[in-house]
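# Chain and residue survey
Given next are the chains, with one letter for each unit.
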There are 2 protein chains.
Amino acid sequence: MPETTPATPAFEFDRAVALTPHPEEAGRYDGELGDGWQIGGGVNGGLLLAFAARALALEAGPGHPHPLTVSGTYISASRPGPATVRTEIVRRGRSLATGSAVLSQGGTERLRVTAAFTDLAGLDGEVATTALPPALPAPEQCVGVEHAPRELLSQAALLERLDLRLDPATIGWALGRPSKEGRIQGWFRLADGRPADPLSLLLTADALPPVTFDLGRPGWAPTIELTVHLRALPADGWLRVSHATRNVAGGYFEEDCEIWDENGRLVAQSRQLAMVPRA
Amino acid sequence: MPETTPATPAFEFDRAVALTPHPEEAGRYDGELGDGWQIGGGVNGGLLLAFAARALALEAGPGHPHPLTVSGTYISASRPGPATVRTEIVRRGRSLATGSAVLSQGGTERLRVTAAFTDLAGLDGEVATTALPPALPAPEQCVGVEHAPRELLSQAALLERLDLRLDPATIGWALGRPSKEGRIQGWFRLADGRPADPLSLLLTADALPPVTFDLGRPGWAPTIELTVHLRALPADGWLRVSHATRNVAGGYFEEDCEIWDENGRLVAQSRQLAMVPRA
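Because the structure is a prediction, the values reported are computed rather than measured. (Residues numbered from 1 in each chain as written. Chains lettered and ligands numbered in written order. Predicted model: local features only at pLDDT ≥ 70, side-chain atom pairs only at ≥ 80, totals over all residues. Heavy atoms only, no water.)

### Some remarks on the UniProt feature "domain: Acyl-CoA thioesterase-like N-terminal HotDog" (unreviewed entry) in chain A
- If you check UniProt for "domain: Acyl-CoA thioesterase-like N-terminal HotDog" (unreviewed entry), the listed places come out as residues 35–117 of chain A in our numbering.
- For residues 35–117 of chain A, helix accounts for 19% and strand for 53%, while the C-alpha atoms at its two ends are 28 Å apart. (UniProt positions renumbered as here; feature names shortened; annotations may be inferred. Helix = DSSP H or I, 4+ residues; strand = E, 2+ residues; numbered from the N terminus.)

Structure, rendered in structure tokens:
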């Protein structure tokens, strides 16, 4: 999966995470944060996580091509423009490679990531998952984000990159009637048809509107920390994505996300800590 | 809360995380991993997280005394003996200070941590938590770990440091009858009476037996990654601790833990990714 070919990638996501190894500085990769991935005034946190994780995957090498666990702590908001990732692989074992990365722009740190990589195709075959995927109406009966309220779309170039269809039961907030359940869910695929893979799941884990919208608290919710566990290679097709919060307190909330593929496999789980939007 | 007094701390936990700033190397703290904190062949992962987080708290300074979010990725098993934490604070803002740390022994990396610190006493007072604490029988009706099976106790010096009383409904596994629900819960306090604080909650989040015991899968479950969110200063007294898994698959499982204080406040939430014990 990792590649450093200079040819322009066919899909938007791969162009967004395109990286060039620095000719002199070992472990350093340079790229560009595109202006099509912004939401709420900054570049999407999941896209940033993928950008840094890709650099680490390149540095880890072909024996450990997929992220297994990726933890990111956000330092300052990223902007479209050049970005640098400095990586350090600290261990290459038989099954796992582990390393850390710092994503910076113009000398200012944006994100620190530590991650473990493996070959998800080589995992033990047992699946004893007891969690159940969310029941959703068919994609055609869900609501595409093009129907989102203007205040959501105007700062959300990101949404043009996605084919996101939200469960009508969880978008009352878009009509001024938040359910107050604290859950938003729907179907997800990339708008240009790129198949999902473990790297793109990092974006998916942070692609839905902040769950606080469903609590009647509009506005953007800056991410402090985001950890994603990649548990299987996703099958082609639609992903079911559901995120929820149960602990809005002290000005922060946790947002738990689950991503399921068309085979009913729970392919990724994530949790972020974010700041409650300012009233 | 952070202190570097050379006097021997009164409580075991504080002795376990005692650190001395290195006289020459800025950001470096040295300490000792005591042999009373081992479980399953290595030093407890929560204790290691607290050890590294304390070093970061000392480096961050008195304006940001409490961890808010701590993410650790485990590199190699730690052993009793000298340990060094090298810290780097990358941002000190008005509400948050953020930094990374590497815990090593004898030049070998054990754990990488990135964390954000704040003053939890200064959080917004709103509490809109919808999660509910676990219903538990009174502590006197729960089962102390001294009743644990021998194979659990023999490798678990850690348990002597804790006053852990498990809900009888979740310890069938100790009698050869695992419930298969994938949940273990009970009451927690430190055995020597030290009051809980955000730092000790890092230990608490990894103090219960691996939830895989309740799935009929005995044995130790090495932690790959552990993230803890500290959401409030805990009240004095007993903590209710409950952890569960819903996604045993591919040789890994996630373990979600919630810690509640006597005021019914959800003071910490954590998730770890661990390896399923080998049959």
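### Looking at the layout of surface pockets
Residues and elements named next belong to chain A.
- Taken as a whole, the second largest pocket encloses approximately 1,100 Å³ of empty space.
- If you go around the second largest pocket, you meet 48 residues; those closest to its centre are A221, P222, T223, I224 and M275.
- Sorting the residues of the lining of the second largest pocket by element identifies strand 4 (42–43), helix 2 (45–60), strand 12 (223–230), strand 14 (252–260) and strand 15 (266–275) as the ones contributing at least two each.
- In terms of residue class, the lining of the second largest pocket is made up of 23 nonpolar, 15 polar and 10 charged. (1 Å grid on protein atoms, 1.4 Å probe; cavity = no way out; pocket = protein on both sides within 12 Å on 5 of 7 lines; lining within 4 Å. Points joined across faces, edges and corners; volume = space filled by probe spheres on them. Nonpolar A, V, L, I, M, F, W, Y, C, P; charged D, E, K, R; others polar.)

### Details of the interface of chain B and chain A
- Of the residues lining the interface, 50 residues belong to chain B; the matching set on chain A comes to 50 residues.
- Taken together, both faces of the contact between chain B and chain A bury some 4,500 Å²; the carbon and sulfur share is 47%.
- When residues of chain B are sorted by the area they lose upon contact with chain A, R231, R246 and R271 of chain B head the list and together hold 15% of the total.
- Linking chain B with chain A are 8 salt bridges, by the criterion used here.
- Of the charged contacts, one joins D256 of chain B and R271 of chain A as a salt bridge, the two residues approaching to 3.8 Å between their closest N and O atoms.
- Our count for the contact surface shared by chain B and chain A stands at 39 residue pairs in polar contact (both at pLDDT 80 or more). (Contact = heavy atoms within 4.5 Å. Buried area = accessible area lost by both parts, 1.4 Å probe. Salt bridge = Lys/Arg side-chain N within 4 Å of Asp/Glu carboxyl O. Polar contact = N/O pair within 3.5 Å; in protein donor to acceptor, adjacent residues only side chain to side chain.)

### A short note on unusual backbone geometry
Residues and elements named next belong to chain A.
- Despite not being glycine, K180 shows a phi value in the positive range, around 70°.
- On the secondary structure map, K180 appears in the loop between strand 10 (162–166) and strand 11 (183–190).
- Residue K180 is classed as exposed on the basis of its relative accessible area of 51%. (Buried < 20%, exposed > 50% of the residue type's maximum accessible area, 1.4 Å probe, protein only.)

### Looking at helix 2 of chain A
Residues and elements named next belong to chain A.
- Here helix 2 spans 22 Å end to end across 16 residues, near enough to the 22 Å set by a 1.5 Å rise per residue.
- Between the side-chain oxygen at the start of helix 2 and the backbone nitrogen of G46 there is a gap of 2.9 Å, and the oxygen is on N44.
- Directly beyond the C-terminal end of helix 2, a positive phi value near 100° is found at G61. (Expected span 1.5 Å × (residues − 1).)

### Side note on the environment of H64 of chain A
All names here are of chain A.
- Considering the arrangement of structural elements, one finds H64 in the loop between helix 2 and strand 5 (66–74).
- Residue classification places H64 among the buried residues on the basis of a relative accessible area of 8%.
- A C-alpha to C-alpha distance of 43 Å links H64 and P178, two positions 114 residues apart in sequence.
- With near-sequence residues (within four places) excluded, H64 lies in contact with G93, R94, S95, L96, A97, F117 and T118.

### Topic: the domain arrangement of chain A
Residue and element names in this part refer to chain A.
- By domain assignment, chain A separates into domain 1 (12–119) and domain 2 (139–275).
- Spacing between the C-alpha centres of domain 1 and domain 2 amounts to 21 Å.
- Taken together, the contact between domain 1 and domain 2 spans 28 residues of the former and 25 residues of the latter.
- With both sides pooled, the region where domain 1 packs onto domain 2 buries about 2,300 Å², and carbon together with sulfur makes up 61% of that total.
- Together, E12, F13 and I39 form the three largest contributors to the area buried by domain 1 at its contact with domain 2, with a combined 23%.
- Our count for the contact surface shared by domain 1 and domain 2 stands at 2 salt bridges. (Domains from an automatic or database assignment.)

### Comments concerning the pattern of salt bridges
- All told, the structure shown has 30 salt bridges over all chains when counted by the stated rule.
- Ionic pairing is found between R112 of chain B and E88 of chain A, a salt bridge with its closest N-O pair at 3.1 Å. With R112 of chain B in strand 8 (residues 108–118) and E88 of chain A in strand 6 (residues 81–92), this residue pair bridges two chains.
- Here R112 of chain B falls in the buried class, since its relative accessible area comes to 8%.
- A salt bridge links R194 of chain B to D14 of chain B, with the shortest nitrogen-to-oxygen separation between them at 2.8 Å. One end of the pair, R194 of chain B, is in the loop between strand 11 (183–190) and helix 4 (198–204); the other, D14 of chain B, is in helix 1 (residues 12–16), with 180 residues separating them in the sequence.
- Assessed through its relative accessible area of 21%, D14 of chain B is described here as partly exposed.
- One connected set of salt bridges, linked through shared partners, spans E25, R28, D30 and R86 of chain A.

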